[in-house]
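The lines below spell out each chain.
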Amino acid sequence: MWEDFSTDEVTVPQWGRREFLKMSALLGAAGLFAGHSLSARAAAMIDLPFVNGERKLIPAGTFPQKGEMILQRVRPPLLETPWSVFDRHIFTPNDQFYVRWHMPDFPDHVDVKSYRIRVTGLVKKPLEISLEELLHDFPLREMAAVNQCSGNSRGFVNPRVNGAQWANGAMGNAVWAGVALRELLQRAGVKKGATHLAFRSLEKGMAPFPADTRFEKVLDLEHGNDGEVMLAYAMNGATMPLLNGFPVRLVVPGWYSTYWVKMLTEIEVMDHPGTGFWMTKAYLIPDTPTGYMTPGEKGVKMVPINRMKPRSFFTEPGSGARVAKGHPVKVGGIAMGGSTALERVLFSADGGAHWQKASLGHDYGPYGFRAWQASFTPEKTGAYTLMVKAVNRQGEEQPLQGGWNPGGFMYNAIEHLPLQAV
Amino acid sequence: MNRHGIFSAGCTLLLAFGLASTAVAGAASAPKIHWKSERITLPTSDLTFTGPGGQVLNTYCLMCHSADFVNEQPAVSLVTWKVEVNKMKNAFGAPIPEDQIDHIAEVLYQRFGPPKP
């Protein structure tokens, strides 16, 4: 897309109309020649339940290798999984797995022959691993894990904050197959004094973006070496769609997706924390026990986002459904423990006054979704408010009110489901 | 309407790619992967900003992300809009002249209105 675009042209200090047109021809409108314009296509609309939540529901095939999705942004793509998908699948199909890119110059192609994953920095033996080697020379690791955007559900954050206005569908559950990062680090031999691991990708970051905005995420060495953090080359038994990080994506179970670097090409072993934009300026949360703060609060220390919080959701019945008085109603959905296993799911049919334990579906491992089910019988006609709450192994439970931080991250308030008994 | 969807669909899917017998039992065998280079063509957006101030937004806000993204934003304070526009310039290198920042923030504030309680 940006290939034949020289740096000189981009750094024109104040853009005239001519430069701007040239830029749009190369960036946005590039697709007028390459792809098809999305506004020319008919699409159904969907109303996400917050102010200014009207979005296009785009048909399968609108984006390559993707099925029907909620369109949050054409370029660079932000695609949300329609909620009905979670009702049908405990593992989110690859073609309806949400998509999230930051920069318009992200790679649109991958050459599998020349693709290498490099392990560099403080190692005894730097590595250059081809995809074939990754597949055949290391033991297979498989893990069910939820990948959730830090800003999932941002549209529900109150007061509202800027950023992608997702409902609850910027998450997905998959079985990831690949190699534990520990295997690579062992083979390379980590030198004394190493403390951190930087992860980089095929995303190069071109002008006008400043150099420090090249995508790079950093984890503590100890975390990356825990045997769980892995390099996935398959999701749900197949290679992943390019938009989800083909050919190899970092999997950081229990942590928000910002660390799950797509198109992973380099792991640098370092003796210092990350210094780039995506670790020091973006994806920061208040350094408080909850990661939340009071809106407008000044002088709050910020730290990189990290562990996920527990969450639970309704998938049936649908919001506002009418049910028959005196008959048992089956309710259910999905839940996750976040950074640790799910301990229990509690369900309330009376707006939170009483809670009952839901039964849980098959346990595919601590980091994946678990289905939950419960039943209640409305004894009277009228409005009911159902609630569901997840509690994890560490005793962390979902709050009644959503917390707030400036990024609109880590929303996990208890879900409410209105029902009418008739 | 799929009333029993979750429990059954989950299990069916699982058997389909063999997790139950591999990851759980620990004796894994590699999924069948055949590496093939990929090249995609993305759809584009020709959506532009209209209405008051549309011109200035078209000049400075279409380069790095499509207009839908800006249109979908919530109503926030004028100060917050100013922070956003400055972020586009300082963090991301948007070529926005210094003397346009306040004007653009004002345009955005007028577009979305005051924050709703």
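- The name an unreviewed UniProt entry gives chain B is Cytochrome c, with Acidithiobacillus sulfuriphilus as the organism.

- Chain A has the name Sulfide dehydrogenase in an unreviewed UniProt entry, where Acidithiobacillus sulfuriphilus is given as its organism.
- In UniProt, chain A has this text filed under Cofactor (unreviewed entry): "Mo-molybdopterin".

Some points on the overall build of chain B
Logical step 1: Of regular secondary structure, chain B possesses 5 helices and 1 strand.
Logical step 2: Secondary structure elements of chain B occur, N-terminal to C-terminal, as α-β-α-α-α-α.
Logical step 3: Here chain B holds 117 residues, and the buried ones make up 46% of them.
Logical step 4: Sequence separation of at least 24 residues holds for 55% of the intrachain contacts in chain B that already meet a minimum separation of 6.
Logical step 5: In the structure as shown, chain B presents an accessible area of about 6,100 Å², 59% of it carried by carbon and sulfur atoms.

As for the nonpolar core
All names here are of chain A.
Logical step 1: Leu134, Trp176, Leu184, Leu231, Tyr233 and Ile267 are the most contacted members of the largest nonpolar core, which totals 110 residues.
Logical step 2: Ignoring any residue separated from it by four or fewer positions in sequence, one finds isoleucine 267 in contact with Ile117, Arg118, Val119, Thr120, Leu181, Leu184, Leu197, Ala198, Phe199 and Leu231.
Logical step 3: In terms of nonpolar packing, the next biggest core, distinct from the first, is built from 21 residues, Trp372, Leu386, Ala390 and Ala421 among them.

Section: the packing of aromatic side chains
Logical step 1: Evaluation of the coordinates by the stated rule reveals 24 aromatic pairs over all chains.
Logical step 2: The interplanar angle of 40° and the centroid separation of 6.2 Å between the aromatic rings of A:Trp278 and A:Tyr283 together place this pair among those described as tilted. Comparing A:Trp278 with A:Tyr283 shows no difference in burial state: the two are buried.
Logical step 3: Grouped by ring-pair contacts, the aromatic residues A:Phe215, A:Phe277, A:Trp278, A:Tyr283, A:Phe409 and B:Phe92 constitute a single cluster.
Logical step 4: Positioned over the ring face of B:Phe69 is A:Arg73, at 4.3 Å from the centre of the ring.
Logical step 5: Sitting above the plane of the A:Phe138 ring, A:Arg187 keeps its charged end 4.0 Å from the centroid.

Things to note about the UniProt feature "domain: Moybdenum cofactor oxidoreductase dimerisation" (unreviewed entry) in chain A
Logical step 1: The residues that UniProt annotates with the feature "domain: Moybdenum cofactor oxidoreductase dimerisation" (unreviewed entry) are residues 305–413 of chain A.
Logical step 2: Across residues 305–413 of chain A, the secondary structure splits into 0% helix and 41% strand, with the terminal C-alpha atoms separated by 18 Å.

With respect to the sheet that holds strand 22 (residues 356–357) of chain A
All names here are of chain A.
Logical step 1: Read from one edge to the other, the open sheet built from 5 strands follows the order 19-26-25-21-22, with strand pairing classed as mixed. With partners counted over all chains shown, the strands left at the sheet margins are strand 19 (322–323) and strand 22, one partner each.
Logical step 2: Sheet analysis places strand 19 next to strand 26 (residues 415–421), joined by 2 bridges and oriented parallel. Its bridge partner lying in strand 26, valine 323 is registered against alanine 421.

Overview of the UniProt feature "domain: Oxidoreductase molybdopterin-binding" (unreviewed entry) in chain A
Logical step 1: UniProt feature "domain: Oxidoreductase molybdopterin-binding" (unreviewed entry): in the numbering of this structure it lies at residues 106–278 of chain A.
Logical step 2: With 12% helix and 33% strand, residues 106–278 of chain A has its two end C-alpha atoms placed 15 Å apart.

So, how was this worked out
- Residues numbered from 1 in each chain as written.
- Chains lettered and ligands numbered in written order.
- Predicted model: local features only at pLDDT ≥ 70, side-chain atom pairs only at ≥ 80, totals over all residues.
- Heavy atoms only, no water.
- UniProt positions renumbered as here; feature names shortened; annotations may be inferred.
- Helix = DSSP H or I, 4+ residues; strand = E, 2+ residues; numbered from the N terminus.
- Buried < 20%, exposed > 50% of the residue type's maximum accessible area, 1.4 Å probe, protein only.
- Contact = heavy atoms within 4.5 Å.
- Areas by Shrake-Rupley, 256 points an atom, 1.4 Å probe, with all protein chains shown as cover.
- Core = buried A, V, L, I, M, F, W, Y, C linked by side-chain atoms within 4.5 Å.
- Phe/Tyr/Trp six-rings, centres within 6.5 Å; stacked < 30°, edge-to-face > 60°.
- Lys NZ or Arg CZ within 6 Å of the ring centre and 35° of its normal.
- Pairing = 2+ DSSP bridges.

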